[in-house]
2 protein chains.
Amino acid sequence: MSKLQGACIIGQSGGPTSVINASAYGVIRTALDNPDITAVYGAAHGIKGVLDDKLYDMGKEDAQELAYLLNTPSSELGSCRYKIADPDVDDTDYQRILEIFKKYDVRYFFYNGGNDSMDTCNKISKFMQKMGYECRVMGVPKTIDNDLFGTDHCPGFASAAKYIATSCAEVYKDARVYDTGMVTIIEIMGRHAGWLAGAAALAGVVGCAPDLVYLPEVDFDMDKFLADVTAIYKKNGNCIVAVSEGIHYADGSFVSEAKTSATDGFGHAQLGGLAALLANLVKEKTGAKVRGIELSLLQRCGAHLASQTDIDESFLAGKTAVEAAVAGETDKMVGFACTRENGVYSCQTKLFNLSEVANFEKKVPVEWINAEGNGVTQDFIDYALPLIQGENQRAVESGLPRFARLKKVLTTQEG
Amino acid sequence: MSKLQGACIIGQSGGPTSVINASAYGVIRTALDNPDITAVYGAAHGIKGVLDDKLYDMGKEDAQELAYLLNTPSSELGSCRYKIADPDVDDTDYQRILEIFKKYDVRYFFYNGGNDSMDTCNKISKFMQKMGYECRVMGVPKTIDNDLFGTDHCPGFASAAKYIATSCAEVYKDARVYDTGMVTIIEIMGRHAGWLAGAAALAGVVGCAPDLVYLPEVDFDMDKFLADVTAIYKKNGNCIVAVSEGIHYADGSFVSEAKTSATDGFGHAQLGGLAALLANLVKEKTGAKVRGIELSLLQRCGAHLASQTDIDESFLAGKTAVEAAVAGETDKMVGFACTRENGVYSCQTKLFNLSEVANFEKKVPVEWINAEGNGVTQDFIDYALPLIQGENQRAVESGLPRFARLKKVLTTQEG
């Protein structure tokens, strides 16, 4: 492979996770330590930072503060949801990116995000090749949704899963404290894939399983749902339901959207309020005391509960991206190939072609969903349980999380 | 003091907390080890367990399982919200309690709960004295609301406060990840007292303070609220608001109740949905992207984040109740007297007369609320910060919380 010297840019995109900064740190630390990489820039708010020439000089940061990124949730460099155009239709953004790359002699571009980010990587790389500008482009995945193609799992999923399963176990205890019974509906993120809602079932490993789990992979049937809940409530005097925000009827319409238009008249596209909707319907049907709980942003930013396995793997993904790029790779996403034979989990990084990864959503296999469509099978548990292992050793200050405090010195501010 | 030998009953009542079981363990462990106490019974679902003769023999439990109670949230013996009658009006329940006490030779009664539980203790004790039955009665406080009279603070408050402040710090990071701005409303428990909402401000210690905090101690003014939020959002492009579920207008009506009657027609007395209501109003007013987050049950059962200080003190409260009762005390609640001189926190147990504690709600002092009525002062921080110190060393099994698994052998089942 040819040797390539120059600067690198790391950007973050899409919804944040508890460990996306661990991946960024994997890139930044490895790049700072690599002699072929002459400067390390963090793009402010992803590709928008490149377009706006807002780049932080990561070489100006204190090493210990950078290390705190391992336990700092959200996207510390800032994220964006900017969808880059098709270069064949409009190459304005690409020309601007090329201009910035040339200005800073950027020869390595690392993009830390989900599906859309892998697509962005792919398009930028193809454009640079077309223009004859040598730049190696690598995707570093993240998504709590766990829906990226090829890789065994995605950095970020496991920590959200651990948060969800732990919270469900705690709510399990709380929800049966009175002898009067209650139905509890827990709403979990995941618009199209049910990996996160399925993770609620992990609480069963410590005897605190939800009674019912509904994933978006199965068309939702309200009558069946109400019958399921009623039967369990009548039998046990209690029922806990984990439900994906993305459950939808057979016609594709979201159950949650029916609610917002029906009751508050705002008709927001934004999902949410599903737990309250279902709880009220259960109350009408059964007369039970009900409670709807939405895990909301907490499940994706709850870094205090991040899985150490996830943190380690997220860092490794970033590190591997840099090492592979310096060794000559480009147009790849760093994913994982894992084995779980005889209960022993083993994980290796593996490179996937960006063009194969982009714009493909991986859903929970139907054979991991029970026949009733209201729970997951042992195969799902065996898959997900190894990922949530390991309690993180985060730094604490005055009893509260000590997050990274970066200086964020813009290159344009430097003297 | 006279020596008194006999059995003891421990019961739990009211809404659970992350550490109420630590107090129960303090009672149970100390009582099991005390030669004057001949048997230790746990009442199933509080005073209802006494009335129904449903008592668990705690001597039948494995010592290690009992120790897991230190990190098990919710009320492991079961709770109730049963309000005992005034004995001068109807003494049926009291006669039944006396019957059970005589049946098991119960000479010590420990009740682990909030305001109402202290009232229950007081009434039972007075009745037993009237009937000439010697039984020492002690209250062991718990409440996340922190509203009990006399004591510096209540077991349970600190762990909820730590959960709230940590979650607010994490949401702070998540809520400013995009450069497009957002207003986030975080709804926190506390119907009449603002201790928990105020705890959100602790996140400021690590630079992640909410911009605005609204407590029920101050009459809520919707116009002022919207003006506050708009001003901060316009200035910073972002605004995080912590709000107590119990905020109310000057006429005493809850802000949240106006919502439930207006939009869903159910008119539940149960609070909730306030965050969504306020978020929607802010959206209408400012056009900002908004998100409402309700911490719901999570804040009171999030034992994985329980403050070690709280766990230690909760255990100590239970232990002290037994030791004091054996030494001759009765009709007391175990509380705390604390000093915080020069930043050094010191806590001693102190006994309070039940008759003084019962039915009095302690609110946040007005001088700890800022002049604008939308935040707390440094005095509040100095008060609460020492309480959330210490990361608990909870047991973990397969990456998930290992809770106590008690056998719960009923005395009526024993051979």
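Rules used in this analysis
Residues numbered from 1 in each chain as written. Chains lettered and ligands numbered in written order. Predicted model: local features only at pLDDT ≥ 70, side-chain atom pairs only at ≥ 80, totals over all residues. Heavy atoms only, no water. Helix = DSSP H or I, 4+ residues; strand = E, 2+ residues; numbered from the N terminus. Rg over C-alpha atoms; globule rule 2.2 N^0.38 Å. Buried < 20%, exposed > 50% of the residue type's maximum accessible area, 1.4 Å probe, protein only. Areas by Shrake-Rupley, 256 points an atom, 1.4 Å probe, with all protein chains shown as cover. Contact = heavy atoms within 4.5 Å. Salt bridge = Lys/Arg side-chain N within 4 Å of Asp/Glu carboxyl O. Polar contact = N/O pair within 3.5 Å; in protein donor to acceptor, adjacent residues only side chain to side chain. Nonpolar A, V, L, I, M, F, W, Y, C, P; charged D, E, K, R; others polar. Pairing = 2+ DSSP bridges. Right-handed = clockwise from strand over helix to strand, strands pointing away. Least-squares fit on C-alpha atoms with pLDDT ≥ 70 in both. Expected span 1.5 Å × (residues − 1). Axes fitted to C-alpha atoms, helices over the stretch in contact; angles between N-to-C directions. Phe/Tyr/Trp six-rings, centres within 6.5 Å; stacked < 30°, edge-to-face > 60°. Disulfide = S-S within 2.5 Å.

A.B. asks: Looking at this model, I keep getting lost on the overall build of chain A. Mind explaining?
C.D. replies: When helices and strands are counted, chain A shows 14 helices and 13 strands. Its C-alpha radius of gyration of 23 Å places chain A within 12% of the 22 Å reference for a compact globule of 415 residues. Its C-alpha atoms put chain A at 70 × 45 × 40 Å along the principal axes. Each of the 415 residues in chain A was classed as buried or not, and the buried ones make up 65%. Surface accessibility of chain A: about 14400 Å² in total, with carbon and sulfur atoms responsible for 48%.

A.B. asks: When you look at the interface of chain B and chain A in this model, what are you seeing that I'm missing?
C.D. replies: Bring the parts together and some accessible area is lost; that lost area is often taken as the interface size. Between chain B and chain A, the residue contacts involve 71 residues of the former and 71 residues of the latter. If you look at where chain B meets chain A, you find 8 salt bridges. For B:Arg394, the salt bridge is made with A:Glu391, and the minimal N-O distance between the two is 3.4 Å. Scanning the region where chain B abuts chain A turns up 32 residue pairs in polar contact (both at pLDDT 80 or more). Secondary-structure elements contributing two or more residues to the side of chain B that touches chain A are helix 6 (157-175), helix 10 (274-286), strand 9 (290-294), helix 11 (298-301), strand 12 (396-397) and strand 13 (400-401) of chain B. With 10 residues, the single largest contributor to the side of chain B that touches chain A is helix 6 of chain B. For the side of chain B that touches chain A, the class distribution of residues is 32 nonpolar, 21 polar and 18 charged.

A.B. asks: Help me out: how do you make sense of the pairing of strand 5 (residues 136-141) of chain A in this one?
C.D. replies: For a regular strand, the rule is simple: side chains alternate between the two faces of the sheet. Residues and elements named next belong to chain A. The buried fraction of strand 5 is high, at 6 of 6 residues. Inspection of the sheet shows strand 4 (residues 106-113) paired to strand 5 by 6 bridges, in the parallel sense. Bridging across to strand 5, Gly113 finds its partner in Pro141. Between the parallel elements strand 4 and strand 5, the chain passes through helix 5 (residues 115-130) in a crossover that is right-handed. Taken together, the 2 bridges between strand 5 and strand 10 (residues 332-339) define a ladder with parallel strand orientation. Residue Met138 lies in a different strand from strand 10, and its bridge partner there is Lys332.

A.B. asks: Teacher, can you tell me more about the relation of the copies chain B and chain A here?
C.D. replies: Relating one copy of the chain to the other requires a rotation about an axis plus a shift along that axis. For the match of chain B to chain A, the screw axis carries a shift of 0.0 Å, the RMSD comes to 0.0 Å, and the turn is 180°. Within this description, the copies of the chain are treated as partners about a two-fold rotation axis. Looking at chain B, 100% of its interface residues are interface residues in chain A too, so the copies touch through the same face.

A.B. asks: Got a minute to help me understand helix 10 (residues 274-286) of chain A in this structure?
C.D. replies: Residue pairs spaced three or four apart in an α-helix point in one direction, given the helix's 3.6 residues per turn. All names here are of chain A. Relative to the 18 Å expected for 13 residues at 1.5 Å per residue, helix 10 spans 18 Å between its end C-alpha atoms, a close match to the ideal helical length. Turning to helix 10, its buried residues number three or more, namely Leu274, Ala275, Leu277, Leu278, Ala279, Asn280 and Val282. At the exit of helix 10 stands Gly287, carrying a positive phi of roughly 75°.

A.B. asks: How should I be thinking about the sheet that holds strand 9 (residues 290-294) of chain A in this particular structure?
C.D. replies: By definition, the strands of a sheet pair up through backbone hydrogen bonds, in either a parallel or an antiparallel sense. Residues and elements named next belong to chain A. Taken together, the 4 strands give an open sheet; going across it, the order is 7-8-6-9, and neighbouring strands pair in parallel fashion. Strands with a single pairing partner mark the edges of an open sheet, and in this sheet they are strand 7 (212-214) and strand 9. With direction set aside, neighbouring strand axes in the sheet form an average angle of 15°. Inspection of the sheet shows strand 7 paired to strand 8 (residues 238-244) by 3 bridges, in the parallel sense. In the sheet register, Tyr214 faces strand 8, and the bridge partner there is Val243. Running over the sheet, helix 8 (residues 222-236) touches strand 6 (182-188), strand 7 and strand 8 and is turned about 150° from strand 8.

A.B. asks: Please explain the packing of aromatic side chains as it appears in this structure.
C.D. replies: Note on aromatic pairs: each is described by the distance of the centres and the angle between the planes. The tally for this structure, following the rule as stated, stands at 36 aromatic pairs over all chains. Judged by centre distance (5.3 Å) and plane angle (45°), the ring pair of A:Phe220 and A:Phe225 falls under tilted. Comparing A:Phe220 with A:Phe225 shows no difference in burial state: the two are buried. Here the aromatic rings of B:Tyr214 and B:Phe225 are separated by 5.4 Å at their centres, their planes lie at 70°, and the arrangement is edge-to-face.

A.B. asks: Which parts of the structure should I look at to understand the state of the cysteines?
C.D. replies: Cysteine pairs can be covalently joined through their sulfur atoms, and such a bond is termed a disulfide. Applying the stated criterion across every chain yields a total of 0 disulfides over all chains. Note on A:Cys121: no disulfide assigned, nearest cysteine sulfur contributed by A:Cys135 at a separation of 10 Å.

A.B. asks: So what exactly am I meant to see when it comes to unusual backbone geometry here?
C.D. replies: For residues other than glycine, phi is negative in most cases, and the peptide bonds are mostly trans. The residue A:Asp105 is not glycine, and still its phi comes out positive at about 55°. In this model, B:Asn342 sits at a positive phi of 50°, which is unusual for a non-glycine residue. Note on placement: B:Asn342 falls in the loop between strand 10 (332-339) and strand 11 (346-353).

A.B. asks: Where do I start with the pattern of salt bridges in this structure?
C.D. replies: A side chain of one charge can pair with a side chain of the opposite charge if their charged atoms are brought near each other. Applying the stated criterion across every chain, the model contains 46 salt bridges over all chains. Of the charged contacts in the structure, one is a salt bridge between A:Asp152 and A:Arg340, with a shortest N-O distance of 2.8 Å. Remark: A:Arg340 occurs in the loop between strand 10 and strand 11 (346-353) and A:Asp152 occurs in the loop between strand 5 and helix 6 (157-175); sequence separation between them is 188 residues. Overall, A:Asp152 belongs to the buried group, its relative accessible area being 16%. One salt bridge connects B:Lys224 with B:Asp228, and the closest N-O pair in it is separated by 3.2 Å. With B:Lys224 and B:Asp228 both in helix 8 (residues 222-236), this residue pair falls 4 residues apart, about one helical turn. Take B:Asp228: its relative accessible area is 12%, and that puts it in the buried class.

A.B. asks: Before we go on, may I ask you to explain the pairing of strand 6 of chain A in this structure?
C.D. replies: Residue and element names in this part refer to chain A. Counted residue by residue, strand 6 has 7 buried out of 7 residues, so it is predominantly covered. The two faces of strand 6 match: Met182, Thr184, Ile186 and Ile188 on one face and Val183, Ile185 and Glu187 on the other face are all buried. Strand direction decides the pairing type here: strand 6 and strand 8, joined by 7 bridges, are parallel. In the sheet register, Met182 faces strand 8, and the bridge partner there is Asn238. As defined by bridge partners, strand 6 adjoins strand 9 across 5 bridges and the pair is classed as parallel. Residue pairing across strands places Thr184 opposite Arg291, the latter belonging to strand 9.

A.B. asks: Hey, could you run me through the sheet that holds strand 5 of chain A in this one?
C.D. replies: Residue and element names in this part refer to chain A. What the 7 strands build is an open sheet, ordered 3-2-1-4-5-10-11; its pairing is mixed. Either end of the sheet is taken by a strand with one partner, and the two such strands are strand 3 (55-57) and strand 11. Mean inter-strand twist for the sheet, computed between neighbouring axes without regard to direction, equals 30°. With 8 bridges connecting them, strand 10 and strand 11 associate as antiparallel partners. Bridging across to strand 11, Gly335 finds its partner in Lys350. In the packing of helix 4 (residues 92-104) onto the sheet, the strands contacted are strand 1 (6-12), strand 2 (37-43), strand 3 and strand 4, and the crossing angle to strand 4 comes to about 125°.

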